[in-house]
Amino acid sequence: RWKEISSLNEERIDGIPFISRNKLYIFGGVQLNRISKSYAFKSTIEAIEIKDIMIKETWTQIRYENEDNPSLPRSLGGVVYAEDNLILIFGGQIQKGLLSDDILIFKEEDDEINIDLGDLKLPKKTAFIENNLSSLYKNFFGFDIFGDLFFYNTGTDMFHYMLNTNCLEEDN
């Protein structure tokens, strides 16, 4: 049975949801102006304690270092929890028609999140419509918008992907 929970402080679609340390986070997303049909990519992060969701508590806007970092505003990114309170957000749409191969590293510390654009990159620019990465031991896997399968191993900090050969077109 579905129940309505409290609304985010800033309306958005295609945000990147993630649960960590008893909090539900929403990273980024797109704010749509229904009148002008324009939209803007969000750089905000909001969080709510899991225990507070059903009692209509308000969402907290999370402050983080490097708030002016141009890499954060995005939607449709993948997200995984790595070791040592690290959350990795990767890929996603960063502008209309422009995908990213960046991997953003968020470190949770005492209700603060520090952001870092690491040296890691995805093997290709992509986005993840269904943020449904599954985990098996220290491996996370999921499909991107092209049907390619991505793997992340927390032990080696390496991303791998397997092409969906059914989607490849032959050169004429």
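Residues numbered from 1 in each chain as written. Predicted model: local features only at pLDDT ≥ 70, side-chain atom pairs only at ≥ 80, totals over all residues. Heavy atoms only, no water.

**Structural notes on the sheet that holds strand β2 (residues 23-27)**
If you trace the four strands from one edge of the open sheet to the other, you get β1-β2-β5-β6, paired in antiparallel fashion. Two strands bound the open sheet, and with one partner strand each, they are β1 (16-20) and β6 (60-61). Note that β2 and strand β5 (residues 45-49) share five bridges and pair antiparallel. In the sheet register, K23 faces β5, and the bridge partner there is E49. (Pairing = 2+ DSSP bridges. Helix = DSSP H or I, 4+ residues; strand = E, 2+ residues; numbered from the N terminus.)

**Structural notes on the pattern of salt bridges**
For the coordinates displayed, the defined rule picks out eight salt bridges. Among the salt bridges present, the one from R74 reaches D102, with a minimum N-O distance of 3.8 Å. Taken together, the residues span a long stretch of sequence, with R74 in the loop between β6 and β7 (78-81) and D102 in strand β10 (residues 98-109) at a distance of 28 residues. By relative accessible area, which is 12% here, D102 ends up buried. (Salt bridge = Lys/Arg side-chain N within 4 Å of Asp/Glu carboxyl O. Buried < 20%, exposed > 50% of the residue type's maximum accessible area, 1.4 Å probe, protein only.)

**What about the packing of aromatic side chains?**
Using the criterion set out here, one finds five aromatic pairs in the structure. Pairing F90 with F128 gives two aromatic rings, centres 5.4 Å apart and planes at 85 degrees, and the pair type is edge-to-face. With F90 in strand β8 (residues 86-90) and F128 in the loop between β11 (112-126) and β12 (134-136), this pair connects stretches of sequence that are 38 residues apart. Residues F90 and F128 agree in their burial class; the two are buried. Through a chain of ring-to-ring contacts, three or more aromatic side chains come together here, namely Y25, F27 and F106. (Phe/Tyr/Trp six-rings, centres within 6.5 Å; stacked < 30°, edge-to-face > 60°.)

All we've got here are geometric facts, nothing functional implied.
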